[in-house]
Every structure is written in C-alpha cells, then in structure tokens.
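Commentary on secondary and tertiary structure
Each chain, letter by letter, is given below.
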Amino acid sequence: MELRDVVRGDVDAYVRMRCDPVMMADLGGPQSREGMADKVRRDAEQAAADTAWLKMIVPDPAAPEVVAGTVTLWSHDGDDGPTSEIGWMVLPPFQGRGLGARAVRTLLEQARDADRWGIVHAFPATTNAASNGICRSVGFRFVARADVRFAGQLFTTNHWAVDPRSDLK
C-alpha cells in the first residue's frame, strides 16, 4: 500500500465515495455529483501547496490507477484554537482488508516524522463501528462524544485524539 496526493484526475474516485448512499450513510447521505470536480480541484491544490495532506490510498503500487479510498489530515479552527483532524474513507471492495488502518497509521507516522500537526483528532460517527475500531487499533484515546457539523448537518460522533509522537500502536 502507498499514499499519494490527490490530483485533478481523481474525480471518479471522489464520486464513488462521496456520491454513494452506502459510503455516506454515516455522513448525512450522498453528496451531489455537481461540484465534485471543483472539490477535487481544491483538494489537489491544497495537497500540492502542502497546506493539508489529502492522500489517495493505493493498495498496490504496481497498479497506481486503482485507489481504495482517501485519508486526509488538515488543520482548522476549533473551539480551543487550531485543531488538526484526520479523516478517511475506504471503498466497499477494499473494506475489511486493513487498508484503512494502515493508511491512517502511515499518515500519522509521516506527521510524527515531520514533527507536524501536533495532537490529531478524529470524529467518526458513533454508528461507524469500523472507523471507531481504526481509532482504537491505531492508538487514539477516546475523549468524549461530540456533536460535529459536516456538510451542513449535525452528527453525534466519538471524539478521539492521538499524539503521533508517542501514542501510535
């Protein structure tokens, strides 16, 4: 498995993830295909500028055109100031293989090695057993339940935090 930056050509993968009712079940339902090319363009620009780490999960480096999902690490203003957050999505044909956990761990190891991002937070929906399991397996500690806004909707999530410099399993 390897991680590579999101590029403008990743629109199809974004559509398969973000416009699919099953993939988006814990995130308020599918997003519209309209505007997805602009979303990918913005993400690719952020990745190229290194303002956020927006990565595609490539299960087999020998077949770089096949992507299994995304893992992303970015910073935003939270209640207590700047907050680093990680999120991920793995397409159904690739789920259950450990790729999500490997991708999250790999990106957190890169954050540790670059001494960047500080404490990293994750907010999977309370109903998303797989993502909450990834948090536990990688070394996140449970902080609390939290209501979080995503795509204009409020969700009850589990708030997890990890210090990549000391907490990774």
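Structural notes, computed from the coordinates. (Residues numbered from 1 in each chain as written. Predicted model: local features only at pLDDT ≥ 70, side-chain atom pairs only at ≥ 80, totals over all residues. Heavy atoms only, no water.)

Moving on to the overall build of the protein. Summing up its helical and strand segments, the protein has 4 helices and 7 strands in all. Relative to a compact globule of 169 residues, whose C-alpha radius of gyration would be 15 Å, the protein shows 15 Å and is just as compact. Taken along the three principal axes of its C-alpha coordinates, the protein extends 35 × 35 × 30 Å. Counting only residues that meet the buried cut, the protein has 44% of its 169 residues in that class. (Helix = DSSP H or I, 4+ residues; strand = E, 2+ residues; numbered from the N terminus. Rg over C-alpha atoms; globule rule 2.2 N^0.38 Å. Buried < 20%, exposed > 50% of the residue type's maximum accessible area, 1.4 Å probe, protein only.)

As a further point, take the pairing of strand 3 (residues 69-78). Relative to strand 3, strand 2 (residues 53-58) is paired through 5 bridges, and the arrangement is antiparallel. By the bridge assignment for strand 3, Leu54 is matched with Thr72. Counted along the chain from strand 3 to the antiparallel partner strand 4 (residues 81-90), the turn is 2 residues long. (Pairing = 2+ DSSP bridges.)

Where helix 3 (residues 99-114) contacts helix 4 (residues 129-138), the axes come no closer than 10 Å and their chain directions differ by 50°. Viewed along their axes, helix 3 and helix 4 adopt a mutual orientation that is oblique. Considering the relative orientation of helix 3 and helix 4, their crossing is right-handed. Residues Gly100, Ala101, Val104, Arg105 and Leu108 of helix 3 form the contact with helix 4, whose participating residues are Ile134, Ser137 and Val138. Split into classes, the residues belonging to the contact of helix 3 with helix 4 amount to 5 nonpolar, 2 polar and 1 charged. (Axes fitted to C-alpha atoms, helices over the stretch in contact; angles between N-to-C directions. Parallel < 35°, antiparallel > 145°, perpendicular 65-115°, else oblique. Left-handed = near helix turned anticlockwise from the far one by under 90°. Contact = heavy atoms within 4.5 Å. Nonpolar A, V, L, I, M, F, W, Y, C, P; charged D, E, K, R; others polar.)

We now examine the environment of Pro59. Within the secondary structure layout, Pro59 lies in the loop between strand 2 and strand 3. When the C-alpha positions of Pro59 and Gly69 are compared, they lie 9.2 Å apart, and in sequence the two are 10 residues distant. Sequence-distant contacts of Pro59, that is, excluding residues within four places in its chain, are made with Met1, Val66, Val67, Ala68, Phe94 and Leu99.

Taken together, the 7 strands give an open sheet; going across it, the order is 1-2-3-4-5-7-6, and neighbouring strands pair in mixed fashion. Only two strands of the sheet have a single partner each, and these edge strands are strand 1 (2-5) and strand 6 (141-150). Across the sheet, the axes of successive neighbouring strands diverge by a mean angle of 35°, strand direction being ignored. Inspection of the sheet shows strand 4 paired to strand 5 (residues 120-122) by 2 bridges, in the parallel sense. In the sheet register, Glu85 faces strand 5, and the bridge partner there is His121. Those strands touched by helix 4 are strand 4, strand 5 and strand 7 (153-162), and its axis lies near 15° from that of strand 7.

Turning our eyes to something else, we now look at the side chain of Thr70. Within the fold, Thr70 resides in strand 3. By relative accessible area, Thr70 is classed as buried at 8%. Beyond its immediate stretch of four places on either side in the chain, Thr70 contacts Tyr14, Met17, Lys55, Met56, Ile57, Gly87, Trp88 and Met89.

In this structure, the largest pocket spans a volume of roughly 1,200 Å³. In terms of lining residues, the largest pocket is bounded by 44 residues, among which Leu27, Gly87, Trp88, Met89 and Ser131 are the most central. Every element with two or more residues in the lining of the largest pocket is listed here: helix 1 (11-18), helix 2 (36-49), strand 3, strand 4, helix 3, helix 4, strand 6 and strand 7. Examining the composition of the lining of the largest pocket, we find that 6 residues originate from one element, strand 4, more than from any other. Considered class by class, the residues forming the lining of the largest pocket number 25 nonpolar, 12 polar and 7 charged. Of the voids in this model, the second largest pocket is the one considered here, and its volume is about 360 Å³. (1 Å grid on protein atoms, 1.4 Å probe; cavity = no way out; pocket = protein on both sides within 12 Å on 5 of 7 lines; lining within 4 Å. Points joined across faces, edges and corners; volume = space filled by probe spheres on them.)

In short, shape yes, function no, at least from these values alone.
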